[in-house]
Every structure is written in structure tokens, then in C-alpha cells.
Amino acid sequence: MADVLIVEDTGLQAALIKGFLSGTHSVVGTAGTAARAVELTVETAPDAVVMDLRLAEGNGIESTREIKSTRPEPAVIVSTVTVDQETRRAVFEAGASRYLTKPYPKEDLLTAIEESLG
């Protein structure tokens, strides 16, 4: 069971992800902004972060970069509706472990977390 931080500025999507993780992983927090994501990563030391790419304040690429420079341990799984190669490259250059295209099934998220944690 991994400790997971959810970074999602849409309440419905955050609740969906939390439901996906129920019973298999522990949700240690939910952040709606890039700045709060970094704060909660430091406070909660999650094993994995499920990061939305587009946030109301900031973005998932910059947040991932900051998280990885502050606390490199957690796996970061970025999720977004954006599927272009330039965005994918930027996500991985920032330090993300996986990239999921929304909408994705529960199994894809669980597999991404498990594979990222090794």
C-alpha cells in the first residue's frame, strides 16, 4: 500500500482518483494548486503523486520539477487530456515517472503507480 498525494483542481476528478485508490493505496492529501502540491509533498512525504497537468494556479510540469528538486523520492504520475509529443517530453524532463491520458480506467492508474514504485 503506497501513500499517494492527489494534485487536481477539479473536485469531481479528485474524488474519482480517490475512489480508484480506495482499498489499495492510502491518500495522504489533495492539492488544488501547484504551490500546495509542493507544500503537501514536503509535509506528507508520499510514495507517489498523481499530478494533473493543467491547474488553476500553476501547472503540473513546473510543480513536478519543483517536487523532484525538493524531494526526489516520490514517483510522479502526470495525467492530462493533452497528448502531444512536446508535452510528453516536457513531463518526463521534469521528472515524471508516467503519463496518463484522461480519461483513463482505474487499472491504468494502479498499474502506473505500481510500476513507478518498482
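The paragraphs below set out a description of the structure included in this document. Everything quoted here is computed from the prediction, not taken from an experiment. (Residues numbered from 1 in each chain as written. Predicted model: local features only at pLDDT ≥ 70, side-chain atom pairs only at ≥ 80, totals over all residues. Heavy atoms only, no water.)

Examining the nonpolar core
Selection criterion: Definition of nonpolar core: a set of buried residues of the types Ala, Val, Leu, Ile, Met, Phe, Trp, Tyr and Cys, connected through side-chain atoms within 4.5 Å. For every residue, the accessible area obtained with a 1.4 Å probe (protein chains only) is divided by the maximum for its type, and the residue is called buried under 20%, exposed over 50%, and partly exposed between those limits. Strands are runs of DSSP state E lasting at least two residues, helices are runs of H or I lasting at least four, and both sets are numbered from the N terminus onward. Throughout, a contact is declared for two residues whenever any of their heavy atoms are within 4.5 Å.
Val7, Met51, Val78 and Val91 are the most contacted members of the largest nonpolar core, which has 19 residues in total. Within the residue set of this core, elements represented by two or more residues are β1 (3-7), α2 (34-44), β3 (48-52), α3 (60-70) and β4 (75-80). No other element matches α2, which puts 4 residues into this core. Excluding residues that lie within four positions of it along the chain, Val91 makes contacts with Leu53, Ile61, Val78, Ala96 and Tyr99. Ranked by size, the runner-up nonpolar core spans 17 residues in total, among them Ile17, Phe20, Leu100 and Ile113.

Some details on the sheet that holds β4
Hydrogen bonding along the main chain pairs the strands of a sheet, whether they run parallel or antiparallel. The condition is simple: When DSSP finds at least two bridges between two strands, those strands are taken to pair. Geometry is summarised by axes, namely lines fitted to C-alpha atoms with helices restricted to the contacting stretch, and by angles between N-to-C directions that run from 0 to 180 degrees.
Strand order across the open sheet formed by 5 strands is β2-β1-β3-β4-β5, with parallel pairing between neighbours. Across the chains shown, the open sheet's two edge strands, defined by having one partner strand only, are β2 (26-31) and β5 (98-101). Sheet twist, expressed as the average angle between the axes of neighbouring strands with direction ignored, equals 20°. Here 5 bridges tie β3 to β4, and the two strands are oriented parallel to one another. Bridging from a neighbouring strand, Val49 pairs with Val76 of β4. Helix α1 (residues 11-21) rests against β1, β2 and β3 of the sheet, and its axis sits at about 165° to β1.

Examining the pairing of β4
Note the threshold: A crossover gets the label right-handed when its path from the first strand over the helix to the second runs clockwise, viewed with the strands pointing away from the viewer.
Across the 6 residues of β4, 6 count as buried, placing the element largely inside the fold. Because side chains alternate across β4, one face comprises the buried residues Ala75, Ile77 and Ser79, and the other comprises Val76, Val78 and Thr80, equally buried. Viewed along the sheet, the connection from β3 through α3 into β4 turns out right-handed. Bridging between β4 and β5 involves 4 bridges; their strand directions are parallel. Note on β5: the bridge partner recorded for Ser79 is Leu100. The parallel pair β4 and β5 is bridged by helix α4 (residues 85-93), and the resulting crossover is right-handed.

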